[in-house]
Structures are given as structure tokens and as C-alpha cells.
Amino acid sequence: MLADAVEHLVTGIVSHPEDVTVVERSTRRGPLVQVRVHPDDIGRVIGRAGRTATAIRTVVNALSDEGPVRVDIVDLDGR
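Quick look at the structure, then. Please read all numbers here as calculations on a predicted model, not as lab measurements.

Calculation notes
- Residues numbered from 1 in each chain as written.
- Predicted model: local features only at pLDDT ≥ 70, side-chain atom pairs only at ≥ 80, totals over all residues.
- Heavy atoms only, no water.
- Buried < 20%, exposed > 50% of the residue type's maximum accessible area, 1.4 Å probe, protein only.
- Helix = DSSP H or I, 4+ residues; strand = E, 2+ residues; numbered from the N terminus.
- Arc of directions from axis to C-beta.
- Contact = heavy atoms within 4.5 Å.
- Pairing = 2+ DSSP bridges.
- Axes fitted to C-alpha atoms, helices over the stretch in contact; angles between N-to-C directions.

### Overview of helix H1 (residues 2-11)
And step 1. The set of residues buried in H1 consists of Leu2, Ala3, Val6 and Val10. Around the axis of H1, the buried residues are gathered within 95° of arc, so they sit on the same side. For H1, the exposed residues lying more than 90 degrees away from the buried face are Asp4 and His8.
And step 2. Among the structural elements, strand S1 (21-27), strand S2 (30-37), helix H2 (42-46) and helix H3 (51-63) are those in contact with the buried residues of H1.

Below, the structure is given as C-alpha cells:
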């Protein structure tokens, strides 16, 4: 469910929505949502001074029933 919400938010922001991949995993430190986007869109998803990424993390944490969720944003190159 969290992955679907993040995917919906991110695809509305980026120029290449077909390249958005969202994977939700459970780790020792808690839930992890990993977002992969096209290299040209990484700046759009992070935003100025990280404001967009912070807003996405705030929404995801508000939707989570399991407590804090870590959201990682990476480009398709894996950097």
C-alpha cells in the first residue's frame, strides 16, 4: 500500500513516469521504500533543498501503520 502511494506521488512529479519503480521491503531497521527514477528526474523528486523528498517522506510516514518508514530515492543507474 505504501509503495502504491509513493508511486502515485512520484509519477505525478517526473518527466519520465514510465521509468518510476517503487519497491517496499522490510529490514531490521523497519520498513524501507526504495524509489528509482530516471537520472533526469532525480532533481525533481528531491526538490530544492530536499523539500519535495521531505514532503514525500512526511506523507508516507503519515500513512504508515508500522511507525517510521525510510524512503530512499535513487536514479536508474543506482547511484
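On we go.
### Some words on the sheet that holds S2
And step 1. If you trace the three strands from one edge of the open sheet to the other, you get S1-S2-S3, paired in mixed fashion. Each edge of the open sheet is held by one strand with a lone partner, namely S1 and strand S3 (70-75). Strand-to-strand, the axes of this sheet are offset by a mean angle of 20°, without reference to chain direction.
And step 2. Across seven bridges, S1 lies against S2 in antiparallel orientation.

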